[in-house]
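Tertiary structure, described
If you want the building blocks of each chain, they are given just below.
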Amino acid sequence: MSTPSLHDDAIIIDGLIIAKWDRALFEDMRKGGLTAANCTVSVWEDFESTVDNIVAVNQLMRDNAELVRPVHTTRDITRAKEEGKTGIILGFQNAYAFEDKLGYIEIFKKLGVGITQLCYNTQNLVGTGCYERDGGLSGYGREVIAEMNRVGMMCDLSHVGSKTSEEIILESKKPVCYSHCLPSGLKEHPRNKSDDELKFIADHGGFVGVTMFTPFLKAGVNATVEDYVEAIVYIMNIVGEDFRDGILFVPEVLLAANAMKVGMAILRPLLAETGAKPVGKMVIGTVKGDIHDIGKNLVTMMLEGAGFEVIDLGINTDVEEYLDA
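Structural notes, computed from the coordinates. Keep in mind it's a predicted model, so treat the numbers as computed, not measured.

What counts, and where the lines are drawn
Residues numbered from 1 in each chain as written. Predicted model: local features only at pLDDT ≥ 70, side-chain atom pairs only at ≥ 80, totals over all residues. Heavy atoms only, no water. Helix = DSSP H or I, 4+ residues; strand = E, 2+ residues; numbered from the N terminus. Buried < 20%, exposed > 50% of the residue type's maximum accessible area, 1.4 Å probe, protein only. Contact = heavy atoms within 4.5 Å. Areas by Shrake-Rupley, 256 points an atom, 1.4 Å probe, with all protein chains shown as cover. Lys, Arg positive; Asp, Glu negative; His and termini not counted. Charge placed at Lys NZ, Arg CZ, Asp CG, Glu CD. Salt bridge = Lys/Arg side-chain N within 4 Å of Asp/Glu carboxyl O. Axes fitted to C-alpha atoms, helices over the stretch in contact; angles between N-to-C directions. Parallel < 35°, antiparallel > 145°, perpendicular 65-115°, else oblique. Left-handed = near helix turned anticlockwise from the far one by under 90°. Nonpolar A, V, L, I, M, F, W, Y, C, P; charged D, E, K, R; others polar. Disulfide = S-S within 2.5 Å. Pairing = 2+ DSSP bridges. Right-handed = clockwise from strand over helix to strand, strands pointing away. Core = buried A, V, L, I, M, F, W, Y, C linked by side-chain atoms within 4.5 Å.

1. Here we look at the overall build of the protein
Within the protein, the regular secondary structure consists of 13 helices and 10 strands. C-alpha extents for the protein along the principal axes are approximately 75 × 45 × 40 Å. Across the 325 residues of the protein, 43% fall into the buried class. Of the contacts formed within the protein by residues at least 6 apart in sequence, a portion of 64% connects residues at least 24 apart. Total accessible area on the protein stands at roughly 16200 Å², and carbon and sulfur atoms take up 59% of it. Between the mean site of the 31 positive side-chain charges and the mean site of the 48 negative ones, the protein shows a separation of 3 Å.

Here it is, written out as C-alpha cells:
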C-alpha cells in the first residue's frame, strides 16, 4: 500500500476546525481527504445564540450535501468515508452555552454536538482555563461531566488548566481528550501540555491531537513542517505506545519516503528506456508494523530496471497478503 493509498483508506479526523463556514471550506475538506472534523459552533455564545449557529450550519450542510454529512454517531463517520464525504461533528470550545442548566447538554447532544471543551482559556462555571490561576473543577462542573458522560459527549481539555484537566480526567467515566495541543517540553506556553500531563491523559485512556498552530510551536510563526513533525514525534514518544516500543517508525522517514517517490517518478521512465527484457515477476512489500518504504521503493525501481514486473503490496502488509500474491 502506497502512502497516498494509505491516506485514502484511513479514517482521517481533524481534531478542531474553527473558521468561517462556507462551501469553499467544505471543498477544501474534501480535497484534503478528511473523513470527519470537529467543527466549532460555539465559544462565547449563550444557549440561544449557539442554537442559531447550529441552525445556520445545518442549512449550510443541507445546501452542500454532496460534500458533507452531519455526524451523530460513529457509524455516521464510516458512512461519510463510504460516501466520499466529510462528516461534520459539531463541537464547542467552551461550556458557556450550557449556562447553568444541565438539561441543555442533552438538547445539544440531540442537535449533533459531539464534543465540548470545558473551558476556553479563562474561568467559567465548570472550572479554570489555562491562562488563569487554576481553582480546579467546580461542583457544578462535576455534574456537567456526569451528564456529558451519560449522553455521550466527549470532554475536550485543550484550553483547560492543568489542575482542572487532571480532576476532569479522574472524574470522567469515559475517555477524554486534548483535541489540539502541543508539548511544553519544546516550547513553554500556557496552552501547551507538560510531559506529565500528556502521560496522565494517555494512562487514563484519553487521546492527544497535535495542533500545527504556529505560535505554540518551538519556532513560532517561522515554524515549518519539520517543526510540526518534531512536535508529533515528541508527543508520540510519550503517548504513542506503538511508536515508543518500535512497532511503528519515525515520521521523518515517511517524509523522506515521499521525497524518494518524487525522484523515482523521474528515474523510472529513464530505466524503462534501457530496453531490458522481461525476466519474471517479483512480489515486494514491508511487513506488518513497518510503515516506511524507502528501501522497498529503491529495490522496486532496480528490479523494474532489470526487467522484472514488480507486484508492490505496499506497507504494513499481513503475511496472508504475501501468500495470496
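2. Re the pattern of salt bridges
Scanning all chains against the criterion turns up 16 salt bridges. The salt bridge involving E66 is made with R23; its shortest N-O contact spans 2.7 Å. A residue pair is termed long-range when its members are at least 10 positions apart, and E66 in the loop between α3 (47-63) and β3 (68-70) and R23 in helix α2 (residues 23-31) qualify at 43 residues. Among the residues examined, E66 registers a relative accessible area of 46% and is labelled partly exposed. Given the relative accessible area of 34%, R23 is considered partly exposed. Salt bridges sharing common partners tie together R69, D76, R79, E83 and K85.

3. A look at the packing of helix α8 (residues 195-203) against helix α9 (residues 225-239)
One way to put it is that α8 packs onto α9 with a least axis distance of 9 Å and a crossing angle of 55 degrees. The angle between α8 and α9 falls in the class oblique. The handedness of the crossing between α8 and α9 is right-handed. Contacts between α8 and α9 pair D195, L198, K199 and A202 from the former with Y234, I235, I238 and V239 from the latter. When grouped by side-chain class, the residues that make up the contact of α8 with α9 number six nonpolar, no polar and two charged.

4. With respect to the state of the cysteines
Scanning the entire structure with this criterion turns up zero disulfides. You can see C177 has no disulfide; the closest cysteine sulfur is in C155, sitting 8.4 Å from it. Classification of C177 as buried rests on a relative accessible area of 0%.

5. Notes on the environment of F213
Its place among the elements puts F213 in the loop between β8 (207-210) and α9. The sequence separation of F213 and Y228 amounts to 15 residues, and the corresponding C-alpha distance is 9.0 Å.

6. Quick look at the pairing of strand β5 (residues 113-117)
For β5, the buried fraction is high: four of the five residues fall into the buried class. The pairing of strand β4 (residues 86-92) with β5 spans three bridges and is parallel. In the strand pairing of β5, L90 is matched with V113. Crossover β4 to β5 through helix α5 (residues 103-110) is right-handed. With three bridges joining them, β5 and strand β6 (residues 154-156) adopt parallel strand pairing. From the neighbouring strand, T116 faces β6, where its bridge partner is C155. As a crossover connection, the stretch from β5 through helix α6 (residues 139-151) into β6 is right-handed.

7. So, the nonpolar core
Counting 56 residues, the largest nonpolar core has W21, F26, M29, F98, F108, L118 and I168 as its most contacted members. The contacts of I168, once residues within four sequence positions are left out, are L118, L137, I145, C155, L157, V160 and V176.

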